[in-house]
Amino acid sequence: MTTLMQKNYQHEVILVGEEPHPPYQRPPLSKNYLAGEIDQESLYLKPLSVYENAGHHLRLGVRAEQIDRDKKTIRLSDQSALKYDRLVLATGSHVRTLNAPGADLKGIYYLHDIADSDALREQLLAGKRLVIVGGGYIGLEVAASATKKGVNVTVLEAAGRLMQRVTGPEMSEFFYAKHSNAGVDLRLNTAVTGFEAGDQGRVAGVTLADGGTVPADIVLVSVGVVPETSLAEAAGLPCDDGIIVDEFTRTEDPAILAIGDCTRHRNLFFEKMQRLESVSNAVDQARTAAATLMGEEKPYNSAPWFWSNQYDVRLQMVGLSQSHDQRVVRGSPGEDKGFAVFYLRESHLIAVDAINLPIAFMVGKTLVQQRRKINPEILRDPDIDLKSLVIGPQTSS
Ligand SMILES: Cc1cc2nc3c(=O)[nH]c(=O)nc-3n(C[C@H](O)[C@H](O)[C@H](O)COP(=O)(O)OP(=O)(O)OC[C@H]3O[C@@H](n4cnc5c(N)ncnc54)[C@H](O)[C@@H]3O)c2cc1C
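A short tour of the structure in this document, coming up. Within each chain, residues carry numbers counting from 1 in the order of the written sequence. Thresholds applied to this predicted model are a pLDDT of at least 70 for local features of residues and 80 or more for the giving and counting of side-chain atom pairs; totals over whole chains, interfaces and linings are not thresholded and use all residues. Only heavy atoms go into the side-chain values, all of them from the structure, while hydrogens and water stay out.

Looking at the sheet that holds strand β8 (residues 108-109)
- Judged by pairing direction, the sheet is parallel, and its five strands sit side by side in the order β8-β15-β9-β10-β11 without closing on themselves. A strand with exactly one partner marks an edge of an open sheet, and here the two such strands are β8 and β11 (185-187).
- For two strands to count as paired, DSSP must find a minimum of two bridges between them. Numbering of helices and strands runs from the N terminus; a helix is a DSSP stretch of H or I covering at least four residues, while a strand is a stretch of E covering at least two. Here strand β10 (residues 152-156) pairs with β11 via three bridges, running parallel. Pairing of Thr 154 across the sheet is with Asp 185, part of β11.

Overview of unusual backbone geometry
- The phi dihedral of Lys 72 is positive, around 50°, even though this residue is not glycine.
- In this structure, Lys 72 sits in the loop between β3 (64-68) and β4 (73-76).
- The cut-offs for exposure are 20% and 50% of the maximum accessible area for each residue type, with area from a 1.4 Å probe on protein chains only; residues under the lower value are buried, those over the upper are exposed, and the others partly exposed. Lys 72 sits in the partly exposed class, given a relative accessible area of 34%.
- One non-glycine residue with positive phi stands out, namely Thr 249, at about 70°.

Some points on the sheet that holds strand β14 (residues 213-215)
- In spatial order, the strands read β12-β13-β14; together these three strands make up an open sheet with antiparallel pairing. On the outer flanks of this sheet lie β12 (192-197) and β14, each paired with one strand and no other. The mean inter-strand angle of the sheet, taken between neighbouring strand axes irrespective of direction, is 25°.
- Two elements, β12 and strand β13 (residues 203-208), share five bridges in a ladder whose sense is antiparallel. Looking at β13, one finds that Gly 194 is bridged to Thr 207. Note on method: axes are straight lines fitted to C-alpha atoms, helices fitted across the in-contact stretch only, with angles between N-to-C directions ranging 0 to 180 degrees.

A closer look at the site of the ligand
- We call a residue near a molecule or strand as soon as one heavy atom of that residue lies within 4 Å of the molecule or strand. Around the ligand there are 29 residues in total, and Glu 19, Arg 26, Lys 31, Ala 64 and Asp 261 lie nearest to it.
- Glu 19 places a side-chain nitrogen or oxygen 2.7 Å from an oxygen atom of the ligand.
- For this analysis, a polar contact is any N or O atom pair within 3.5 Å, provided that within protein one partner can donate a hydrogen and the other can accept it, and provided that sequence-adjacent residues contribute only side-chain to side-chain pairs. With respect to the ligand, the side chain of Lys 31 contributes an N or O atom lying 2.6 Å from an oxygen atom.
- The method behind every accessible area is Shrake-Rupley, applied with a 1.4 Å probe, and residues are considered shielded solely by the protein chains displayed. In the complex, the protein chains occlude 87% of the 990 Å² of accessible area that the ligand would expose alone.
- At the level of secondary structure, the elements contributing two or more residues to the shell around the ligand comprise β1 (14-17), α4 (137-148) and α7 (279-293).
- Segmentation of the chain into domains, including their bounds, is taken from an automatic or database domain assignment. Summarising the domain contributions, the shell around the ligand has at least three residues from each of domain 1 (2-94 + 226-293) and domain 2 (97-223).

Below, the structure is given as structure tokens:
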């Protein structure tokens with residue numbers, strides 16, 4: 001919607017949103033908003049008046065229930081209907097729930113929207129015992145925010161290292177040390193089997209596959225998200241763990257586009273279809289969709305990037321590292337100066353993770369986008385200015 005406003009789109013745009021809030025950013029929900037450092041209004045992408053002044057309308061607190069593709073109409077939860085010429089599905093994702101015994105006890109939380117963050121913040125009182133199920137980036141961000149408030153935090157992670165899905169071993173080890181030093185009790189290779197009840201239907205503990213129990217006053221389950229495809233599926237649009245869209249964000253129905261977390265999409269930057277949960281992907285796909293709606297042919301073709309804030313650490317990541325065959329570490333995890341891990345496949349740079357080293361991230365963004373072939377020794381050498389890799393000649397082996 002914002003890009004369409006910037007492009008001076010001449011048609012009426014109506015945004016239907018189930019939540020009562022205007023469009024907002026979710027990343028602070030596990031970071032400074034959860035910590036109580038910023039207020040709700042600072043989450044909003046734009047003041048309400050900006051949409052109205054541009055002649056666009058927000059229908060908030062209303063769910064889209066059904067799409068009639070033949071009549072080009074959507075039915076809403078307030079029993080009204082809307083006609084469309086073009087429809088953009090940006091239905092996002094919902095949290096994956098843990099269906100284990102005791103999962104409905106009071107005191108078990110999930111974190112996806114403003115209401116979740118508000119409810120969790122109220123519980124984060126000094127001296128309470130918070131158990132977080134899942135050592136991914138959202139779980140760890142909450143661990144950092146809660147620890148700062150004096151909450152006793154335990155993280156239970158089924159895999160052998162933290163953030164295993166999104167980063168390499170050096171970063172996992174770095175974050176393990178960071179959280180351990182802050183007093184977080186981290187347990188890897190630890191599978192959860194259920195929840196134990198205490199007084200008045202409240203959770204009192206988390207039970208483990210090895211037979212043990214971890215006592216808890218509050219539990220946060222943070223085990224990933226599932227793309228919200230129910231509306232699209234019911235309308236007969238092809239879905240496969242995400243609504244299938246091409247590099248122009250088009251579904252198989254020429255009148256319907258889909259963007260963001262809810263899609264499995266083609267991005268020309270990758271060889272295969274992707275599903276991503278990140279702000280950069282949502283924003284880049286939104287720009288692509290705006291171009292498609294304006295009749296411009298601008299395919300999605302960019303390396304995704306992410307970030308995470310935990311304590312005084314800013315992790316910035318560009319590209320997807322999973323298929324690397326070589327890792328190069330620049331700097332040392334123990335140093336204050338920051339460090340970075342470069343991921344290469346067949347000598348081409350495919351991803352960079354940088355800790356408090358924005359220059360590695362900025363240069364990495366350009367080099368990853370170009371899939372540059374780079375001599376690893378150049379990346380490793382702290383005496384070589386990373387900026388010279390973008391403008392200098394000595395980048396290839
Ligand atoms: C706590 C938290 C921290 C995060 N931190 C980061 C971070 O640091 N960096 C990063 O890159 N990403 C982060 N993310 C992920 C990022 O926020 C998402 O990738 C991004 O919000 C996806 O945007 P979206 O527009 O696709 O979907 P969403 O932001 O999920 O928005 C979809 C909206 O559609 C609404 N909706 C769904 N179905 C219907 C319907 N039928 N009718 C009406 N409305 C409907 C939903 O209620 C929701 O408001 C974080 C996410 C969370 C929850």
